Structures are given as structure tokens and as C-alpha cells.
Amino acid sequence: MTDKLLEKFMTVDELDNVVGGAGYAYFMKREDGKYNIVSATDELTPAQIKGILEGKAPASLGIAKSIRTNFNIGVSADMLPAIKQKLDKIYKGCTFKEI
């Protein structure tokens, strides 16, 4: 995993402070073969995920302040296994969904 990509992730300690259990990660495949990924501390709808990726404020999407989100844009397919492993570790269990 590149250093630039790692910088976009919250540290394990940061997430331990806000996450009380399992998380959710949503993968959207782009036309260029890369992925946009949104992870959250609670389940989100496809519309909420797309809104986050468009830069909309979480509150305007009906996402409670208690739900923490993180996103990565333009991730290559070969990086997905490492990202899934990291998210599973960070959230202490993660549900992965492709939308």
C-alpha cells in the first residue's frame, strides 16, 4: 500500500476512540476499473454513500453525527485485499458490500 493511500486512513487509535464495534465498507467500481470506498461505523444507504462521494455534508444526507465515515477515491483493484484487511482490523470486524 502506498504511503499516500495510508495517510488517508484514520489510525487504529483514532478509530478505537470512535468505533464501538463492527463497521461497514462500501465499494463502488468506477468505469476506469478503480474503486471508490466509503467506510462507516453504521450501515448506510446507497444514496448516502453516493452523496458522501459527491462531497455533500453527512447531516444533509440524514447521517447522524454519531456515525463516523471515511472515504478513499480511485483505489486500484490490486489494493482491495490489503484495504479490506486493514478495515476489518480497524473496525474489529467489517461488513463489505459492493454497490
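Every chain's residues receive numbers from 1 upward, in the order its sequence appears when written. Local features in this predicted model are restricted to residues whose pLDDT is 70 or higher, and side-chain atom pairs enter the listing and the counts only when it is 80 or higher, whereas totals over whole chains, interfaces and linings include all residues. With hydrogens and water excluded, all non-hydrogen atoms of the structure serve as input to the side-chain values.

Caption draft 1: The overall build of the protein, seen in detail. Helix and strand content of the protein: four helices and four strands. Helix numbering and strand numbering both begin at the N terminus, where a helix is a DSSP run of H or I of at least 4 residues and a strand a DSSP run of E of at least 2. Taken from N to C terminus, the helices and strands of the protein fall in the order α-α-β-β-α-β-α-β. Considering the protein as a whole, with its 99 residues, one finds that 34% of them fall into the buried category. Pairs of residues are marked as contacts when any of their non-hydrogen atoms sit within 4.5 Å. Within the protein, contacts between residues at least 6 apart in sequence are counted, and of these 64% link residues at least 24 apart. Here the term buried applies to any residue with accessible area under 20% of the maximum for its type, exposed to any over 50%, and partly exposed to those in between, with areas from a 1.4 Å probe on protein chains only.

Caption draft 2: Seen up close, the pattern of salt bridges. Should a side-chain nitrogen of Lys or Arg be within 4 Å of a carboxyl oxygen of Asp or Glu, the pair is scored as a salt bridge. What the rule picks out here adds up to three salt bridges. Ionic pairing is found between Asp 32 and Arg 30, a salt bridge with its closest N-O pair at 2.6 Å.

Caption draft 3: Representation of helix H3 (residues 46-53). Listing the buried residues of H3 in full gives Gln 48, Ile 49, Gly 51 and Ile 52. One face of H3 carries all of its buried residues, which in axial projection span an arc of 160°. Contacts from the buried residues of H3 go to strand E1 (23-29), strand E2 (35-40) and strand E3 (69-75). Once H3 ends, the next one or two residues include Gly 55, with phi positive near 90°. Picture the helix axis, draw a direction to every C-beta atom, and the arc is the one those directions span.

Caption draft 4: The arrangement of the sheet that holds strand E4 (residues 94-98) in detail. As summarised here, the arrangement of the four strands in space is E3-E2-E1-E4, forming an open sheet in which the pairing is mixed. Bordering the open sheet on either side are E3 and E4, each of which pairs with just one other strand. For this sheet, the mean inter-axis angle between neighbouring strands, taken without regard to orientation, is 15°. The pairing of E1 with E2 spans six bridges and is antiparallel. Its bridge partner being in E2, Ala 25 is matched across the sheet by Ser 39. The convention used is that axes are lines fitted to C-alpha atoms, helices contributing only their stretch in contact, and that angles between N-to-C directions extend from 0 to 180 degrees. Lying over the sheet, helix H4 (residues 80-90) contacts E1, E2, E3 and E4, oriented at roughly 145° with respect to E4. By this definition, two strands are paired if DSSP reports at least two bridges between them.

Caption draft 5: Region of the structure containing the confidence of the model for the protein. pLDDT gives the predictor's per-residue confidence on a scale running from 0 to 100. Confidence along the protein averages 85 in pLDDT terms, with 79% of residues attaining 70 or more. Predicted confidence in the protein is weakest over helix H2 (residues 12-18), with a mean pLDDT of 50, and strongest over E1, with 96.

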